[in-house]
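Architecture at a glance
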Amino acid sequence: MTDHDYMKQPPAYTLPKNGIVSHLPTSWIPYAQLMRLHKLTGFSILYCPCPVGVVYAAALSPRKLPASVLLHCVALLTASSFILRSVGCQVARCQQRPIARGAVTTTQGCLLATALLLIKWGLLFSLPLEALVNAGITMLLAGIYPFCKRFTNYPEVVLNLVLGWPIRMAPHSLRIRHTCDRCLFTAIAILNVINDMIYASQDVEDDIKVGIKSMAVRFRDSVKLTLSILSLGMVALLAGAGVSGDTGPMYFVLAVGGIFIRLSGIIASMDLKYPSICVNSASRVYVAVNCSMAYGLLWEYFEGYRGP
């Protein structure tokens, strides 16, 4: 078997029979799939740091912000995250994607990406200058990320700077200064490394054969140990964010303690030999951590809102 034919021939493409994309006109389906409208897990990964960053900034703000302001900010950042959702992977499970199967040309894909980016900037234009600068940094890092897979075993670091950057962007979007804790930003980045490492474990064999590098490839023989070390680091950083922000005890119970317990259970029980388990475990980790973090921060926000 040569390097070029290591992957099995993919089955013939069939139109989707369920989900949002299945209700679109046939000519629209490749573009909807290129935008990953049929795979919303990736969108949630980009979206979740937005409300977390907004609520964290609001909870520690010297002035109490009404919920309507927070919701407006979250809506803008959510729309931006939706547009930023990207495509691209050279492994067996991706051979039916629109460009790979020839349903969309590279030029058409680039034109779609350009149009989406223009819409993204139009949505964010109402935000303060500092927030726009942060949005520009996010897009720059997102553009660099795909190339990192060819040159380093740690492309997740670049990717998760992108995914964690809303934590830094949220305070500026609310016109709040000096409330973005570096501990929380780093913790979110580590969470995304954990999530991406679990998800990428399903592609390790294919990645090795085509020369794609990642932490899942680098630490393939000690995945659970690496995930456990990263998880402990993330929990410690979340505790540091609470200490520096002078949060109440419920933050530590819900956000710090809750995340430690749920992460420990998921990592101990998962078996990454099967692709479906990789996907499910990655989703469970992300939902568990973000829900626990949101509960702790929302408690802190409403406690402060009711305070003197």
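The structure we're discussing is the one just above.
These notes cover the structure that comes with them. Please read these numbers as outputs of a predicted model, since none were measured by experiment. (Residues numbered from 1 in each chain as written. Predicted model: local features only at pLDDT ≥ 70, side-chain atom pairs only at ≥ 80, totals over all residues. Heavy atoms only, no water.)

The periodicity of an α-helix, 3.6 residues per turn, causes residues three or four places apart in sequence to face the same way. Most of helix 3 (residues 49-59) sits out of view: 11 of its 11 residues are buried. Buried within helix 3 are the following residues: Pro49, Cys50, Pro51, Val52, Gly53, Val54, Val55, Tyr56, Ala57, Ala58 and Ala59. (Buried < 20%, exposed > 50% of the residue type's maximum accessible area, 1.4 Å probe, protein only. Helix = DSSP H or I, 4+ residues; strand = E, 2+ residues; numbered from the N terminus.)

Tallying each qualifying case throughout the model produces 2 aromatic pairs. A ring pair is formed by Tyr251 and Phe252, whose centres lie 5.4 Å apart and whose planes are at 85°; its orientation type is edge-to-face. Since its relative accessible area comes to 1%, Tyr251 is described here as buried. Relative accessible area serves as the criterion here: at 27%, Phe252 is assigned to the partly exposed category. Ring geometry for Tyr301 and Phe302: centres 5.0 Å apart, planes at 70°, overall edge-to-face. Take Tyr301: its relative accessible area is 4%, and that puts it in the buried class. You can call Phe302 partly exposed: its relative accessible area is 40%. Note that Arg218 overlies the ring of Phe219, its terminal NZ or CZ placed 4.8 Å from the centroid. (Phe/Tyr/Trp six-rings, centres within 6.5 Å; stacked < 30°, edge-to-face > 60°. Lys NZ or Arg CZ within 6 Å of the ring centre and 35° of its normal.)

The analysis is restricted to geometry; functional conclusions fall outside its scope.
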